[in-house]
Amino acid sequence: MTLAITTRRRFVALLPLSGLAVLAACSKAPEPVVEAAPPPVPAPMPAPTPAPALPTVGADAPMVDEADATAASLGYVAVATRADAVRFPAYAAGRQCSNCALYQGAAGSVAGACPIFTGRRVAAEGWCSSWAKKA
Ligand code: SF4
């Protein structure tokens, strides 16, 4: 009789533990912690390619003819004061090729290259509607 009571008490005492064991066995294992991948490192930028060199225009290159189709469409004149300010209101006194950002003649030159008129020269005192202030 004593043995039966002891066994029953042990059974009752161990019963909650067996329930915990069953719960532990059935519960889902915790997800492994996944470290966030580091952000991708951007590929290095390729070295900038140098701008193509503008074709050189020699001192013997022909001058731009005002009658040339491109020249006429831009209102180019060899002497800026003859600019058609009505047709080209961008003209203002004092604006001329020699103080245009596109003019490639040396300081004090009478003519120089302009990328608009490839292979030809424009007069330092000339002007066209593409004039841009030299920085
Ligand atoms: Fe002259 Fe400038 Fe016109 Fe060229 S862009 S023709 S340099 S005003």
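Structure shown above.
My aim in this report is to walk through the structure given alongside it, one point at a time.

1. Overview of the environment of Q96
(1) Moving on: The topology assignment puts Q96 in the loop between α2 (69-74) and β1 (111-113).
(2) Moving on: Relative accessible area serves as the criterion here: at 24%, Q96 is assigned to the partly exposed category.
(3) Moving on: Separated by 16 residues in sequence, Q96 and A80 place their C-alpha atoms 5.7 Å apart.
(4) Moving on: Those residues in contact with Q96 that lie beyond four places of it in its chain are A80, A124, E125, G126, W127 and W131.
(5) Moving on: A distance of 2.8 Å separates the side chain of Q96 from the side chain of S98, its partner in a polar contact.

2. What to know about empty space enclosed by the protein
(1) Moving on: Applying the stated criterion across every chain yields a total of 1 cavity of 30 Å³ or more.
(2) Moving on: Of the voids in this model, the largest cavity is the one considered here, and its volume is about 90 Å³.
(3) Moving on: Lining the largest cavity are 13 residues, and of these C97, C100, C114, V122 and C128 lie nearest its centre.

3. Observations regarding the site of the ligand
(1) Moving on: Residues in contact with the ligand, as listed here, are Y76, C97, C100, Y103, C114, I116, F117, V122, C128, S130 and W131.
(2) Moving on: Comparing atom positions with the cavity grids shows the ligand to sit within the largest cavity.

4. Examining the nonpolar core
(1) Moving on: Core analysis: the biggest nonpolar cluster contains 20 residues, and V64, Y76, Y103, F117, V122 and W127 have the highest contact counts within it.
(2) Moving on: Put simply, the parts of the chain that give this core at least two residues each are α2 and β2 (121-123).
(3) Moving on: In this view, F117 contacts V64, D68, T70, A71, L74, Y76 and V122; residues no more than four positions away in its chain are not counted.

5. With respect to the packing of aromatic side chains
(1) Moving on: Applying the stated rule across the entire model yields 3 aromatic pairs.
(2) Moving on: With 5.2 Å between their ring centres and 80° between their planes, Y91 and W127 make a pair best called edge-to-face. Remark: W127 occurs in the segment after β2 and Y91 occurs in the loop between α2 and β1; sequence separation between them is 36 residues.
(3) Moving on: Given the relative accessible area of 1%, W127 is considered buried.
(4) Moving on: A network of ring pairs unites the aromatic residues F88, Y91 and W127 as a single cluster.

Calculation rules
- Residues numbered from 1 in each chain as written.
- Predicted model: local features only at pLDDT ≥ 70, side-chain atom pairs only at ≥ 80, totals over all residues.
- Heavy atoms only, no water.
- Helix = DSSP H or I, 4+ residues; strand = E, 2+ residues; numbered from the N terminus.
- Buried < 20%, exposed > 50% of the residue type's maximum accessible area, 1.4 Å probe, protein only.
- Contact = heavy atoms within 4.5 Å.
- Polar contact = N/O pair within 3.5 Å; in protein donor to acceptor, adjacent residues only side chain to side chain.
- 1 Å grid on protein atoms, 1.4 Å probe; cavity = no way out; pocket = protein on both sides within 12 Å on 5 of 7 lines; lining within 4 Å.
- Points joined across faces, edges and corners; volume = space filled by probe spheres on them.
- Near = heavy atom within 4 Å.
- Sits in = over half its atoms within 2 Å of the grid points.
- Core = buried A, V, L, I, M, F, W, Y, C linked by side-chain atoms within 4.5 Å.
- Phe/Tyr/Trp six-rings, centres within 6.5 Å; stacked < 30°, edge-to-face > 60°.

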